[in-house]
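# Architecture and fold: a report
Residues per chain, in single letters:
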Amino acid sequence: MIEKLYDKTLSLLTKMRDASIPYFRRLIRLVALPYCYLSLVNWKECTATHYQVFKDLVFIFFKLKYFPDNYSACRFWERDRAEWLYYYGSSYDPYQRAKLRKKVQRYEYEILYEDKEVCNQLCESEGLPIPEYYGSIDPSGNYIEKISNAFNNIKSNSIIIKPSRGSAGQGICMAVRDNNQIKIRSGKREVNLNEFVLQERSIIQEVVVQCDQVNQFSTSLNTIRMLTLLTKTNDVICISALMRFGVDNYYIDNWSAGGIAVGVDYKKGTLMEFAYDKLGNKYIKHPDSQIVFNNFSVPVWNDVVALSIKAQRSLPYCKLLGMDIGLSKKGPVIIEINGFPDLVMQEQTAGQLLKDINVFNEFKKYDLLINKYQKNLY
């Protein structure tokens, strides 16, 4: 009797907590609105008046029901307000997060994708192509010896070291063999291997040699971010795609690490007209190579789509995934899988998610829509 009462009480408290968290987070974001106005708007690019931007941010927060951190990134001032309704907004906003976590991206499954050791093992078991895996290293172990030994059985002169639980490109290093020395490059810093201090548990992988067509843009590994959705009828649809490019000869392409991203027409496999950085600055061509993005045909696009669909079917624990795919000389390979990808970069580069009526219909079936305007779009 006591145990049953305890279980019911605990269940009730859990439900009350889960129901109240979105409102608490919403309150925090209300307090953060001045920060959004002062720091998240790219005033060098924005052509709207300060008063108009203030009204716009208030409209988005109270009417569209999300924090307007996408206002500058997606350059809302260039669009009619009627177009704003098709934006879904950030996955990290309270109402979006609550619905996504409940319906398609359950928190308890996230570790399957976010822990790179676990995700690698899952991909291997499903026969999905991934970079060659050379093992894991830990700060408490002899990681210097393991990094050195990793070079013994490979021809390449470089390997990638990634934090097992890292995100946004943070903490990624490259180990480079130069004659008899091994050096570790982290950003623009370089130290000898015996001076390298590992901060967290990491994995060691091969450096993917990308195809020549993509390499002409940038020598970083330039990856495709493909969003897929497992529908209620167990079909897989691609709902958005973009391609990221490294800048200034940096070896990673992450948006948060200074990279730029351009939308991909996922039905045709061609790049869109403009790339964007995190602040919303527009680029018609790559700032280093000066190659124009518009209408560039992404190599082996049908293979990229097929791999994305296969991965979503093989790993259905989260029904909405963000696949990072590299284009090697042997074909597409999965670099990472994101169980809770942010949607701002996707909508910034490839356009509003809800503009596609198929995406709208599937979001509606899962009850993912967050305001009355979204629910009455079509």
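### Comments concerning the overall build of the chain
The helix and strand tally for the chain stands at 13 helices and 13 strands. Over its C-alpha atoms the chain spans a radius of gyration of 22 Å, differing by no more than 12% from the 21 Å that the globule rule assigns to 378 residues. Once the C-alpha set of the chain is aligned to its principal axes, its extents read approximately 65 × 65 × 40 Å. With 378 residues in all, the chain has 51% of them scored as buried. For the chain, long-range pairs separated by at least 24 residues make up 62% of all intrachain contacts whose partners lie at least 6 apart in sequence. Surface summary for the chain: the accessible area is close to 18,700 Å², and the carbon and sulfur share equals 51%. Taking the average location of the 49 positive side-chain charges in the chain and that of its 41 negative ones, the two points are 6 Å from each other.

### Describing the environment of Ala-311
Mapped onto the elements of the fold, Ala-311 is located in helix α10 (residues 301–314). Apart from residues no more than four positions distant in its own chain, Ala-311 is found in contact with Leu-128, Met-323 and Ile-334.

### Brief notes about the packing of aromatic side chains
Counted by the stated rule, this structure contains 18 aromatic pairs. Aromatic side chains Phe-76 and Tyr-87 sit 4.6 Å apart centroid to centroid with 35° between the ring planes, which places their arrangement in the tilted category. Highlighted residues: Phe-76 in the loop between α3 (50–62) and α4 (81–84) and Tyr-87 in the loop between α4 and α5 (94–103), separated in sequence by eleven residues. Take Phe-76: its relative accessible area is 0%, and that puts it in the buried class. On the basis of an interplanar angle of 40° and a centroid distance of 4.9 Å, the ring pair of Phe-217 and Phe-245 is categorised as tilted. Of this pair, Phe-217 sits in the loop between α9 (212–215) and β7 (224–230) while Phe-245 sits in strand β8 (residues 236–245), placing them 28 residues apart in sequence.

### Section: the pattern of salt bridges
Across all of its chains, the model carries 19 salt bridges by this definition. Residue Arg-75 pairs with Glu-78 through a salt bridge whose shortest N-O separation is 2.9 Å. Among the residues examined, Glu-78 registers a relative accessible area of 46% and is labelled partly exposed. A salt bridge links Lys-162 to Glu-336; its shortest N-O distance comes to 3.9 Å. Of this pair, Lys-162 sits in strand β2 (residues 158–163) while Glu-336 is found in strand β13 (residues 331–338), placing the two residues 174 residues apart along the sequence. Here the salt bridges share partners, and the residues they tie into one network are Glu-45, Arg-75, Glu-78 and Lys-282.

### Brief notes about the nonpolar core
Formed by 41 residues in total, the largest nonpolar core has its most connected members in Val-53, Ile-60, Tyr-71, Phe-76, Tyr-88 and Phe-363. For this core, the elements supplying multiple residues, two or more each, are α2 (33–40), α3, β7 and α12 (357–365). With five residues, the single largest contributor to this core is α3.

### So, the sheet that holds strand β9 (residues 260–265)
Paired through backbone hydrogen bonds, the strands of a sheet run either parallel or antiparallel to each other. Taking strand neighbours across the sheet as the criterion, the seven strands line up as β11-β10-β9-β8-β7-β12-β13 in an open arrangement whose pairing is antiparallel. Strand pairing shows two members of the sheet lacking a second neighbour, β11 (282–283) and β13, which therefore form its edges. Alignment of β9 against strand β10 (residues 270–276), held across four bridges, turns out to be antiparallel. What sits directly across from Asp-265, in β10, is Thr-270.

Conventions used here
Residues numbered from 1 in each chain as written. Predicted model: local features only at pLDDT ≥ 70, side-chain atom pairs only at ≥ 80, totals over all residues. Heavy atoms only, no water. Helix = DSSP H or I, 4+ residues; strand = E, 2+ residues; numbered from the N terminus. Rg over C-alpha atoms; globule rule 2.2 N^0.38 Å. Buried < 20%, exposed > 50% of the residue type's maximum accessible area, 1.4 Å probe, protein only. Contact = heavy atoms within 4.5 Å. Areas by Shrake-Rupley, 256 points an atom, 1.4 Å probe, with all protein chains shown as cover. Lys, Arg positive; Asp, Glu negative; His and termini not counted. Charge placed at Lys NZ, Arg CZ, Asp CG, Glu CD. Phe/Tyr/Trp six-rings, centres within 6.5 Å; stacked < 30°, edge-to-face > 60°. Salt bridge = Lys/Arg side-chain N within 4 Å of Asp/Glu carboxyl O. Core = buried A, V, L, I, M, F, W, Y, C linked by side-chain atoms within 4.5 Å. Pairing = 2+ DSSP bridges.

Function-wise, these values are silent; they only describe arrangement.
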